[in-house]
Amino acid sequence: MAFDRYRRVLALPGVRALLLVGMIARIPLTGTGMTLTLHVVNDQKLGFLQAGLVGTASMAGAAIGSPLVGRFVDRRGLRPVMAVTTIVQLCLWCAAPAMPYAVLLPGALIGGLFSQPVFGTIRQCVAAMVPAENHQTGFALDSMGVELSYMVGPALAVASVTAFGSTATMYGVVAGLAGSGVALYLLNPPTRSAEEDAGHERAVPRRQWLRPGLLALLCLVSGLTFVLTTTELSVVAMLKADGATAWTGLVLALWCAFSLVGGFVYGGLSRGLSPVVLAGGLAVLTAPVGLVGGGWGWLCLALVPAGLLCAPALSSTVDAVNRRVPAAARGEAMGLHGTSLTIGGALAGPLAGGLLDAHGPAWAFAVSGAVGVALALLAALVRGADPAAVLAPAGTSMAAVSDISKAASGLGAAAGADIAAGPDAATPLPASAGE
């Protein structure tokens, strides 16, 4: 029963508090982009191009900083990283209302570099606090929390700027980011399980876990967010072309609701599905959406099949990344996962915008779906040819690691079995595996 799986996960010590704090802490983070955009356009009286450049600078900083910050979490623990990143965010956002555009642009880059590692850390802690057999449910809960945060954050930013102005909203963002940092600092959830801590892990070279199979999976993650971001932009364009712009908020909210339903169902299944299957299926179901006519109601119905796969596809990629890396490198790996999400969204903006301007929403949906399917096929091929990384227990000599790797190379044909059978079929990494 689905409810039994959720009940078991939520009954674990500290999990409820972690998920609740994680969902609330993400709200100010999801509203920062919209706040900056409206500040540049409304208060600084500049165009959307300049506002877009600020957003691009912030995303570029986050893409670079996410794995670096995650690596510091692996090495130094969560509290020092939260303290430093929260102080940087406080300084930047308190000064942002008075910054001229020439200063705001590099400031956004620095803010992205020192972004609080809320997204990756919550996933890292879920992996540590929830037993491996329940990771599917735990990551599904996290994915649903992310969905709720994105439903609230940007909308709250728009409402606040409209009612109080962008300066007051920026100070509100400061309060939210400070509260998030303090809450996570005080909660200090474990980033490794008790068994992983007891294993006295030592570092495993990055080359042993950052392998072609994982890189292909990260490309799949970028493709997934490319499809989702293009879908959002194309929905806006379709409704504008039909003279139904007033229904945009409702259509996007229902799309998010479909994702929540899909995530809930997926988290309650006894066996997961491969991220290749879920992301590829989402891309296939997205491609024909632009052919739908008849108004916003039919568009909502057309979004149901792909919408139901959004949260399951995202949570399955988190689970798959977690299974392919050692516990001591989990923070860096989740940072790379976050970077992949950012890259996909960043590329979708200009590419989808160009398609929408030149050919209309139908082509934007079709091309994004084709890109998603192509990356899913690439991930399937590469992961099938690349055996899972061999991670030796602490104390194993490099010569022994080499012998184990040679023995594992004969299993390459079987390594793609997790693609068809889903993440639950993958062999879990040893608890003593190092970074």
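Notes on the structure follow. (Residues numbered from 1 in each chain as written. Predicted model: local features only at pLDDT ≥ 70, side-chain atom pairs only at ≥ 80, totals over all residues. Heavy atoms only, no water.)

Re the overall build of the protein
Heads up, the rule is: Runs of E in the DSSP output that reach at least two residues are strands. Runs of H or I that reach at least four are helices, and both are numbered from the N terminus. To sort residues, take the accessible area from a 1.4 Å probe on protein chains only and compare it with the maximum for the residue type: under 20% means buried, over 50% means exposed, and anything in between is partly exposed. We call two residues contacting when some pair of their heavy atoms lies within 4.5 Å. Here the Shrake-Rupley method, with its probe set to 1.4 Å, supplies the accessible areas, and only the displayed protein chains count as covering residues.
Scanning the protein from N- to C-terminus turns up 18 helices and 0 strands. Relative to its 435 residues, the protein shows a buried fraction of 51%. Within the protein, counting contacts between residues at least 6 apart in sequence, those at least 24 apart form 87% of the total. Counting only carbon and sulfur atoms, one obtains 72% of the accessible surface of the protein, whose full area is about 18,300 Å².

What to know about helix α8 (residues 166-187)
Counted only if it meets this: Expected helix span is taken as 1.5 Å per residue step, with the number of steps being one fewer than the number of residues.
Between the first and last C-alpha of α8 there are 31 Å, a value that for 22 residues agrees with the 32 Å anticipated at 1.5 Å per step. Taken together, the buried positions of α8 are Ser 166, Thr 169, Met 170, Val 173, Val 174, Leu 177, Ala 178, Ser 180, Gly 181 and Leu 184. Elements that come into contact with the buried residues of α8 comprise α2 (15-43), α4 (78-95), α6 (118-129) and α7 (135-164). At the C-terminal side of α8, Asn 188 shows a positive phi close to 45°.

Points about α7
Across its 30 residues, α7 extends 42 Å between first and last C-alpha, which sits within 8% of the 44 Å expected from 1.5 Å per residue. Backbone geometry just after α7 places Gly 165 at a positive phi near 95°.

Here's the deal with the environment of Pro 67
Looking at the element boundaries, Pro 67 is found in helix α3 (residues 48-76). With 50 residues separating them in the primary sequence, Pro 67 and Pro 117 have C-alpha atoms 9.4 Å apart.

Brief notes about the pattern of salt bridges
To be explicit about the condition: Only one rule defines a salt bridge in this text: a Lys or Arg side-chain nitrogen within 4 Å of an Asp or Glu carboxyl oxygen.
Counted under the stated rule, the structure contains 5 salt bridges. With a closest N to O distance of 2.8 Å, Arg 71 and Glu 332 form a salt bridge. Taken as a pair, Arg 71 in helix α3 and Glu 332 in helix α15 (residues 330-358) lie far apart in primary sequence, 261 residues in all. Classification of Glu 332 as buried rests on a relative accessible area of 6%. Between Asp 142 and Arg 123 there is a salt bridge; the shortest N-O distance is 3.3 Å. Within this pair, whereas Asp 142 is found in helix α7, its partner Arg 123 is found in helix α6, the two being separated by 19 residues in sequence.

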